[in-house]
Amino acid sequence: MTSGAGRPGPRTVGTGRTETREERADRQWSELLQELRVAQTGVQVLFAFLLAVAFQPRFEDLGQTDRAIYVVTVVLAAATAAALIGPVSYHRLLTGRRLKPQTVVWASRLTVLGLMLLLCTMCAALLLVLRVTLRDSLAFWLVAATAVWFVLCWFVFPVLALMRDTRTG
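The shown structure was predicted, so the numbers you read here are calculated from the model rather than taken from an experiment.

Each helix and strand counted, the protein chain has four helices and two strands in total. Along the protein chain, helices and strands appear, N-terminal first, in the series β-β-α-α-α-α. Residue pairs at least 24 apart in sequence account for 61% of intrachain contacts in the protein chain once pairs closer than 6 positions are excluded. Total accessible area computed for the protein chain in this model is approximately 11,200 Å², and 65% of it derives from carbon and sulfur atoms.

Spelled out as structure tokens, the structure:
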């Protein structure tokens with residue numbers, strides 16, 4: 001389908017919508033930004049909290065293992081923030097270069113990586129808090145159960161929905 005100026009006109013691009021490749025990329029980029037706003041806010045709050053923990057009086061009471069867990073958690077939080085803020089840099093550096101579809105693909109991959117890092121960060125933070133509060137092996141099992149729940153909610157359920165849709169469609 002072409003428009004009167006000889007340019008390709010709108011067409012259905014596997015979404016049941018009539019849109020050009022660029023329109024689809026614009027829509028996907030807007031949707032991705034909305035998703036990132038949710039994740040970025042949570043990561044920034046968690047990261048700020050973690051940074052403040054080292055300056056609390058009780059921090060000196062932590063044992064070597066708990067300090068190691070803390071350091072790993074802070075590094076994971078920093079990596080998570082970088083991955084979830086990264087798509088903004090992609091967009092800013094590539095704007096105007098007619099690379100929006102590619103930008104959406106790479107930003108989406110970076111976002112999934114950020115979600116995996118967020119899962120690790122939250123589990124590490126939870127492990128630290130539960131080790132300090134419970135002081136027994138129950139902390140590990142609670143974190144393991146929580147990790148399974150996160151994996152189910154964030155990855156397994158969406159994949160199952162996709163598989164179901166693929167079979168019915």
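Taken from the UniProt record, the annotation "transmembrane region" (unreviewed entry) applies to residues 36-56, 68-90, 110-132 and 138-163. The distance separating the terminal C-alpha atoms of residues 138-163 is 35 Å; by composition the span is 100% helix and 0% strand.

Turning our attention to the side chain of D66. Note on placement: D66 falls in helix α2 (residues 64-94). A relative accessible area of 5% places D66 in the buried class. A distance of 2.5 Å separates a polar atom in the side chain of D66 from a polar atom in the side chain of R131. In this view, D66 contacts L128, R131 and V132; residues no more than four positions away in its chain are not counted.

Attention now moves to the packing of helix α1 (residues 21-53) against α2. One way to put it is that α1 packs onto α2 with a least axis distance of 9 Å and a crossing angle of 150°. One way to sum up the angle between α1 and α2 is to call them roughly antiparallel. Crossing angle aside, the handedness with which α1 passes α2 is left-handed. Across the interface between the two elements, W29, L36, A39, Q40, V43, Q44, F47, L50, L51 and V53 of α1 pack against Y70, T73, V74, A77, A78, T80, A81, L84, I85, P87, V88 and H91 of α2.

With that settled, consider the pattern of salt bridges. Should the charged atoms of two oppositely charged side chains come close, the side chains can pair. Under the defined criterion, the tally for this structure stands at five salt bridges. The salt bridge involving R27 is made with E19; its shortest N-O contact spans 2.9 Å. Across the pair, exposure class does not vary: R27 and E19 are buried alike. The residue E60 makes a salt bridge to R67 at a minimum N-O spacing of 3.5 Å. Residue E60 is classed as exposed on the basis of its relative accessible area of 59%.

The rules we used
Sequence positions are assigned chain by chain, starting from 1 and proceeding in written order. Local features are withheld for residues below a pLDDT of 70 in this predicted model, meaning they are given only at 70 or higher, and side-chain atom pairs are given and counted only at 80 or more; totals for whole chains, interfaces and linings count all residues. With hydrogens and water excluded, all non-hydrogen atoms of the structure serve as input to the side-chain values. Helix numbering and strand numbering both begin at the N terminus, where a helix is a DSSP run of H or I of at least 4 residues and a strand a DSSP run of E of at least 2. Throughout, a contact is declared for two residues whenever any of their heavy atoms are within 4.5 Å. The method behind every accessible area is Shrake-Rupley, applied with a 1.4 Å probe, and residues are considered shielded solely by the protein chains displayed. UniProt positions are given in the numbering used here, feature names are shortened, and annotations may be inferred rather than shown by experiment. For the exposure calls, accessible area comes from a 1.4 Å probe over protein chains only, and a residue counts as buried if that area is under 20% of its type's maximum, exposed if over 50%, partly exposed in between. In protein, a polar contact requires one atom able to donate a hydrogen and another able to accept it; more generally it is a pair of N or O atoms within 3.5 Å, and residues adjacent in sequence count only if both atoms are side-chain atoms. An axis is simply a line fitted to the C-alpha atoms; with a helix, the fit covers only the stretch in contact. Between two such axes, the angle follows the N-to-C directions and lies from 0 to 180 degrees. Orientation is classified from the angle alone, with under 35 degrees giving roughly parallel, over 145 giving roughly antiparallel, 65 to 115 giving roughly perpendicular, and any other angle giving oblique. Left-handed is the label given to a crossing in which the near helix is rotated counterclockwise from the far helix by less than a right angle, and right-handed is the label when the rotation is clockwise. We define a salt bridge as a contact between a side-chain nitrogen of Lys or Arg and a carboxyl oxygen of Asp or Glu at a distance within 4 Å.

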